[in-house]
Amino acid sequence: MVFRCYEMTDHSVANFFLERILTNVTRINEPGYLTSSFPTIEGQSIFERMFFIPESFFVNLENEISQSYPNGKSKLYSIGKKFGYRFASILKLSKKDPITSASSVFRFLQTIYADKISIIECDPKSKKFILETKNLAITSKNGMGYILTVGGCAGIWDYLTNDYSVECSVKKESDTDYQLICAPDYILKNLGLDIFKCDSMPEHIETSEYKSYNTFKNDEQSSDNNFHIKKMIETQLLTYENGNMEIAKHRIILVEISLLHEIENTLDRNTIYNAAYGCFYELGKDLGKYGYGVSFLSEILTSFGFGIVTVIVEKNNTKLNFSGYPYTPGFNTNTYSLIRGLISGYIDGNSGNKITSCSVSSKFYNNSLVLSIGVFNS
């Protein structure tokens, strides 16, 4: 059976994401946590934790890695393919009907990542899968998207077809329109497309432990910082239209947390730091124009799902404490390059003061990762 030409075209439901996905599936009123928990059609229980991050982080990261490393694109793609496969396994997508599963998951992903995602071809027998996209996150900005969009698509499709050898490539049709094509190597080669390989399977995540560390704890309600995404939406700090959510005109995208740890376990920590620094430097600078200072950083990070964050500002020193920082069991979490970059970039961009050093300490308490980051200005 071959499925062709699926498209979610009714953009009169531009608030589909807010009204149906975030409010009914994802908990958006718990400070520091963005989680989804629901049963599958087969009666299994699903739990995932996510966070928001500016699209520009991935653009910065991919531009630097692809230019600085001979195998940079392949490294990015491998991260993405593992993530896509892991994401599909966390969601426990049904393999009994891969066509229906693919239609459902990419309908959901359209509400987060693109103006339009159309399934042009979906053939589990030949392993061929083609998406037509418009203004696809990251890919439409740099022509790549090897982590989230291209590699992620490969991982999802491979999970649904039980064939990890199928790869994905990207084909540019215009400045805004790109095709993602999953197929066996010989088909991609005949189409003249770049082929990247990722043969290593992703690390298995133990579901109960993952859920235990990433579930909102009632005793965390005592924090003064009770900001969450729902408040950001209600105060119109966040805007959404046709798969594009923005804060101060910066697009942000929703990502399952294991990708954070996959990136930090694979890529150079300074490159990750610089990519994060750059995107939050611009955000901090622009929010400063609206009157939002350094103290607002804790509310942003809390709302974006990095745990409940409190900030202490004393002269040239700023300290941020995180309760319930995202944690994926089985991954090394001792670099914290991304969050250090976000913090330093925001403070520099917002205040004009240059961060000269950054200290990090962490511990586990009550099945939560507790993180303390101190930054020092010149």
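In what follows, the accompanying structure is described.

Calculation notes
- Residues numbered from 1 in each chain as written.
- Predicted model: local features only at pLDDT ≥ 70, side-chain atom pairs only at ≥ 80, totals over all residues.
- Heavy atoms only, no water.
- 1 Å grid on protein atoms, 1.4 Å probe; cavity = no way out; pocket = protein on both sides within 12 Å on 5 of 7 lines; lining within 4 Å.
- Points joined across faces, edges and corners; volume = space filled by probe spheres on them.
- Helix = DSSP H or I, 4+ residues; strand = E, 2+ residues; numbered from the N terminus.
- Nonpolar A, V, L, I, M, F, W, Y, C, P; charged D, E, K, R; others polar.
- Axes fitted to C-alpha atoms, helices over the stretch in contact; angles between N-to-C directions.
- Parallel < 35°, antiparallel > 145°, perpendicular 65-115°, else oblique.
- Left-handed = near helix turned anticlockwise from the far one by under 90°.
- Contact = heavy atoms within 4.5 Å.
- Buried < 20%, exposed > 50% of the residue type's maximum accessible area, 1.4 Å probe, protein only.
- Pairing = 2+ DSSP bridges.
- Expected span 1.5 Å × (residues − 1).
- Core = buried A, V, L, I, M, F, W, Y, C linked by side-chain atoms within 4.5 Å.
- Salt bridge = Lys/Arg side-chain N within 4 Å of Asp/Glu carboxyl O.

Details of empty space enclosed by the protein
Summed over all chains, the structure comprises three cavities of 30 Å³ or more. Estimated volume of the largest cavity: approximately 250 Å³. For the largest cavity, the lining is made up of 22 residues, of which Phe-87, Leu-109, Tyr-113, Leu-148 and Ile-156 are closest to its centre. Among the secondary structure elements, those contributing two or more residues to the lining of the largest cavity are β4 (45-54), α3 (72-91), α4 (98-113), α6 (146-161) and β11 (250-256). Grouping the amino acids of the lining of the largest cavity by side-chain chemistry returns 17 nonpolar, three polar and two charged.

Some points on the packing of α4 against α6
Relative orientation of the contacting elements α4 and α6 amounts to 160°, with a least axis distance of 10 Å. One element, α4, and the other, α6, form an angle in the roughly antiparallel class. In terms of crossing hand, the pair formed by α4 and α6 is right-handed. Seen from α4, the contacting residues are Pro-98, Ser-101, Ala-102, Val-105, Phe-106, Leu-109 and Tyr-113; seen from α6, they are Leu-148, Cys-153, Ile-156, Trp-157 and Leu-160. The residue makeup of the contact of α4 with α6, split by class, is eleven nonpolar, one polar and no charged.

Let's talk about the packing of α3 against α6
One can describe the packing of α3 onto α6 by two numbers: an axis separation of 6 Å at closest approach and a directional angle of 45°. It follows from the interaxial angle that α3 and α6 lie oblique. When you trace α3 past α6, the crossing you get is right-handed. Contacts between α3 and α6 involve Lys-73, Leu-76, Tyr-77, Ile-79, Gly-80, Lys-81, Phe-83, Gly-84, Tyr-85, Phe-87, Ala-88 and Ser-89 from the first element and Tyr-146, Ile-147, Leu-148, Val-150, Gly-151, Gly-152, Ala-154, Gly-155, Ile-156, Asp-158 and Tyr-159 from the second. Across the contact of α3 with α6, the residue classes tally to 14 nonpolar, six polar and three charged.

Digging into the pairing of strand β9 (residues 238-241)
With burial as the criterion, only one face of β9 is covered, namely that bearing Leu-238 and Tyr-240; the residues Thr-239 and Glu-241 on the opposite face remain uncovered. Pairing geometry for β9 and strand β10 (residues 244-247), over four bridges, is antiparallel. Among the inter-strand pairings, Tyr-240 is bridged to a residue of β10, identified as Met-245. Here β9 folds back onto β10, and the loop between the two strands holds two residues, one of which, Asn-242, carries a positive phi near 50°.

What to know about unusual backbone geometry
Unlike most non-glycine residues, Lys-92 shows phi in positive territory, near 50°. Along the chain, the position of Lys-92 falls in the loop between α3 and α4. For Lys-92, a relative accessible area of 25% puts it in the partly exposed group. The residue Asn-367 is not glycine, and still its phi comes out positive at about 55°. Using a relative accessible area of 38% as the deciding quantity, one classes Asn-367 as partly exposed.

Overview of helix α2 (residues 55-68)
Look at α2: 20 Å from first C-alpha to last across 14 residues, which is about the 20 Å you get at 1.5 Å a residue. Those residues of α2 that sit buried are Glu-55, Phe-57, Phe-58, Val-59, Leu-61, Glu-62, Ile-65 and Ser-66.

Here we look at the nonpolar core
Counting 111 residues, the largest nonpolar core has Phe-57, Phe-58, Leu-301, Phe-322 and Ile-339 as its most contacted members. Sequence-distant contacts of Phe-57, defined by excluding residues within four places in its chain, comprise Ile-263, Ile-272, Ala-275, Ala-276, Cys-279 and Leu-338. Among the nonpolar cores identified, the runner-up in size contains six residues, and Ile-130, Ile-181, Leu-188 and Leu-193 belong to it.

Here we look at the sheet that holds strand β3 (residues 34-39)
A sheet is described by the order of its strands in space; here six strands give the open sequence β2-β3-β4-β11-β10-β9, paired in antiparallel fashion. Two strands bound the open sheet, and with one partner strand each, they are β2 (26-27) and β9. Direction of pairing for β3 relative to β4: antiparallel, over a ladder of six bridges. Bridge pairing links Ser-37 to Phe-47 in β4. Along the sheet face, α4 touches β9 and β11 and points at about 145° away from the line of β11.

A few points about the pattern of salt bridges
For side chains of opposite charge, pairing can occur when their charged atoms come near one another. Following the criterion strictly, the structure yields 14 salt bridges and no others. For Lys-197, the salt bridge identified is with Asp-185, shortest N-O distance 3.1 Å. Placement of Lys-197 in the loop between α7 (185-190) and α8 (207-213) and of Asp-185 in helix α7 is noted, with a sequence separation of twelve residues between them. One continuous salt-bridge network, built from bridges that share partners, spans Lys-81, Asp-158, Glu-167, Asp-185 and Lys-197.

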